[in-house]
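# Fold and geometry: a report
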Amino acid sequence: MFDDLKGKKVLVTGSTAGIGLEAARSLASAGARVAIHGSRSADAAQSVLEQFDGGSDVAYFQADVRSSAACKALVEAAADHLGGIDVLINNAGGLGGRNGLESIDDDFFDQVLDLNIRSVVMVTKYAIPFLRKSAEQSGETSSVISTGSIAAREGGGPGASLYGGSKAMVHNLHRNWVKEFTKDNIRFNTVAPGTIDTAFHEDKDQGTRDKISGTIAMGRFGSSAELAPAYVFLASHAASGYVTGQVIDVNGGQMCP
Ligand code: NAD
């Protein structure tokens, strides 16, 4: 089913850890050529490259995707290395800190929105010509997959209003881009994780983790490995060529009000 991923050129932002790393590892195992990305130096990323199966075709690119210029440079460098882009995964993102409404200042506002929105908008913008060309040349769809969040639906935890709002914007941007780019055979889908055991939750004590687990039907946090197959499915034209504009929730039955 996923044989068509062999040799596919894939850029995964925010893939040095957590969900992005597992998605990149799964795609590389399926035979894709993967540009992985993070903000750490190439030297520091060496330990990340070592976590891929032997024989994987993987290269690392450093960029702070809060900057539009860095987004442009990242896409160009990855496309130059891969010889194009068939699949883009916008995964870089994060809380950026917690602040109640009355504590939000301009710096915090910019930090959260730049990390979660500017990055997705600008990386996608600069990747579009490559994705369009990929679809034209292959006769198959190319694919953009962004990481949304359960917070986009339920508002986010304490102090995470801007984060939840920014993820809701990610979900909605995709719905608009479906209208603009389906004529170019580019698909846009979102994976919305629930509560996944990554560095994202390292600020939580055991009591808080237990309380959150109690809101999840499966009674536990998910793992990055449990998220990765959703990205593989949405990357594959053979598997999901008629799927666009969708949000796939992977959350162990954690319900939204
Ligand atoms: P993580 O902190 O392990 O991964 C975040 C990734 O983004 C890392 O690779 C990091 O290098 C990269 N990154 C962060 N800031 C960056 C910057 N300025 N420039 C470049 N790269 C940057 O956490 P994760 O849980 O794997 O998060 C991945 C995505 O999943 C994020 O978009 C996050 O919002 C989303 N998400 C996570 C959860 C969860 O429960 N873990 C739930 C919903 C959504």
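Treat the numbers as computed from the prediction; the structure is a model and nothing was measured. (Residues numbered from 1 in each chain as written. Predicted model: local features only at pLDDT ≥ 70, side-chain atom pairs only at ≥ 80, totals over all residues. Heavy atoms only, no water.)

## What about the pattern of salt bridges?
The condition that has to hold: Salt-bridge detection follows one rule: a side-chain nitrogen of Lys or Arg within 4 Å of a carboxyl oxygen of Asp or Glu. Helix and strand definitions here come from DSSP, where helices need a minimum of 4 consecutive H or I residues and strands a minimum of 2 consecutive E residues; each element is numbered from the N-terminal end. Relative accessibility decides the category of a residue: with a 1.4 Å probe and only protein chains considered, values under 20% of the type maximum give buried, values over 50% give exposed, and everything between is partly exposed.
Summed over the entire model, instances satisfying the criterion amount to 14 salt bridges. Salt-bridge contacts for Lys8 lead to Glu140; the nearest nitrogen and oxygen are separated by 3.4 Å. Remark: Glu140 occurs in the loop between helix 4 (106-138) and strand 5 (142-147) and Lys8 occurs in the segment before strand 1 (9-12); sequence separation between them is 132 residues. Of the charged contacts, one joins Asp184 and Arg132 as a salt bridge, the two residues approaching to 3.5 Å between their closest N and O atoms. You can see Asp184 sitting in the loop between helix 6 (161-181) and strand 6 (186-193) and its partner Arg132 sitting in helix 4, a full 52 residues away along the chain. Under the relative-accessibility criterion, Asp184 is labelled buried at 17%. Since its relative accessible area comes to 28%, Arg132 is described here as partly exposed. Where salt bridges share partners, they join Arg98, Asp203 and Lys204 into one cluster.

## Focus on the packing of helix 1 (residues 18-29) against helix 8 (residues 224-235)
Quick note on the threshold: Axis definition: a line fitted to C-alpha atoms, over the contacting stretch in the case of helices. Angles run 0 to 180 degrees between N-to-C directions. For classification purposes, angles smaller than 35 degrees are called roughly parallel, those larger than 145 roughly antiparallel, those between 65 and 115 roughly perpendicular, and all remaining angles oblique. Working rule for handedness: look at the near helix, and if it is turned counterclockwise from the far one by less than a right angle, call the crossing left-handed; if clockwise, right-handed. A contact between two residues is defined here by any heavy atoms of the two lying within 4.5 Å. In this classification, the charged set is Asp, Glu, Lys and Arg, the nonpolar set is Ala, Val, Leu, Ile, Met, Phe, Trp, Tyr, Cys and Pro, and all remaining amino acids, among them Gly, are polar.
The contact between helix 1 and helix 8 brings their axes to 8 Å, and the two run at 55°. For the element pair helix 1 / helix 8, the angle class is oblique. Once helix 1 is placed against helix 8, the crossing between them reads as right-handed. When helix 1 is examined against helix 8, the residues Gly18, Ile19, Glu22, Ala23, Ser26 and Leu27 are found in contact with a partner set consisting of Ser224, Ala225, Leu227, Ala228, Tyr231, Val232 and Ala235. The residue makeup of the contact of helix 1 with helix 8, split by class, is nine nonpolar, three polar and one charged.

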